[in-house]
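# Summary of the model geometry
If you want the building blocks of each chain, they are given just below.
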Amino acid sequence: MKNLTPQEAWTWLQSRPDALFVDVRMEIESLYVGRPPGVVNVPWYEYPDLQPDPAKFADAVAREATGKDQPVLLICRSGKRTLDAGKALEAAGFTDVQHVVNGFEGELDDRFQRSTLSGWRFEGLPWEQM
């Protein structure tokens, strides 16, 4: 799995129109916190269980993909869930997996707030919100 900064991920996406861009956050996070345009939501885990099922996740991504060789870019809140999700995809046979380091909202600052230090939104990259 390749680790891409938000800016590297945006540049990579622009050069890879065939890529599948997957938001692994819960659907409610993606809708109300915001998300990059064109992203497909396939949650790593969902409420109320909050327990990942790696095989179920990989199967759901496979249904969205054109094949396991399609380039996949993963994003989450802070870049942590995507590490496990990416490992699950690689274990399931996906061969070209990337993830966004620091995710959509980035790390917590000293006031326990996000989007102030790092992340997709902090970098000023395109995003939308419901």
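Refer to the structure presented above.
Notes on the structure in this doc start here. (Residues numbered from 1 in each chain as written. Predicted model: local features only at pLDDT ≥ 70, side-chain atom pairs only at ≥ 80, totals over all residues. Heavy atoms only, no water.)

## A few points about helix α1 (residues 6–15)
Taken as a whole, α1 has its buried residues at P6, A9, W12 and L13. End-on view of α1: buried residues confined to an arc of 120°, all on one side of the axis. (Buried < 20%, exposed > 50% of the residue type's maximum accessible area, 1.4 Å probe, protein only. Helix = DSSP H or I, 4+ residues; strand = E, 2+ residues; numbered from the N terminus. Arc of directions from axis to C-beta.)

## Observations regarding the layout of surface pockets
Of the voids in this model, the largest pocket is the one considered here, and its volume is about 240 Å³. Lining the largest pocket are 14 residues, and of these P43, W44, Y45, E46 and K56 lie nearest its centre. Broken down by class, the residue content of the lining of the largest pocket amounts to eight nonpolar, one polar and five charged. (1 Å grid on protein atoms, 1.4 Å probe; cavity = no way out; pocket = protein on both sides within 12 Å on 5 of 7 lines; lining within 4 Å. Points joined across faces, edges and corners; volume = space filled by probe spheres on them. Nonpolar A, V, L, I, M, F, W, Y, C, P; charged D, E, K, R; others polar.)

## Structural notes on the pattern of salt bridges
Summed over all chains, the structure comprises seven salt bridges. When the shortest N-O distance is used, the salt bridge between R35 and E128 registers 3.2 Å. Of this pair, R35 sits in the loop between α2 (27–33) and β3 (40–41) while E128 is found in the segment after β5 (97–100), placing the two residues 93 residues apart along the sequence. (Salt bridge = Lys/Arg side-chain N within 4 Å of Asp/Glu carboxyl O.)

## What about the nonpolar core?
Among the nonpolar cores identified, the biggest contains 18 residues, and V24, F57, L74 and L89 are the most heavily contacted of them. Residue assignment for this core shows that the elements contributing at least two residues are β2 (20–23), α3 (54–64), β4 (72–75) and α4 (81–91). Apart from the residues within four sequence positions on either side, L89 is in contact with F57, A58, V61, V72, L74, F94 and V97. Counting residues in hydrophobic clusters, the runner-up holds 13 residues, among them A19, V39, V100 and F104. (Core = buried A, V, L, I, M, F, W, Y, C linked by side-chain atoms within 4.5 Å. Contact = heavy atoms within 4.5 Å.)

## What about the sheet that holds β5?
Pairing is parallel in the open sheet, where five strands are placed in the order β1-β5-β4-β2-β3. Where the open sheet ends on each side, the last strands, each with one partner, are β1 (2–4) and β3. Note: β2 against β4, four bridges, orientation parallel. When the sheet's bridge partners are listed, F21 is paired in β4 with L73. Here α1 sits on the sheet in contact with β1, β2, β4 and β5, set at roughly 105° to β1. (Pairing = 2+ DSSP bridges. Axes fitted to C-alpha atoms, helices over the stretch in contact; angles between N-to-C directions.)

## Considerations on α4
When we look at burial in α4, the residues that qualify are R81, T82, A85, G86, A88 and L89. Along the axis of α4, the buried positions cluster into a sector of 160°, meaning they face one direction only. Exposed and facing more than 90 degrees away from the buried side of α4 are K87 and A91. Where α4 is buried, its residues touch α2, α3, β4 and β5.

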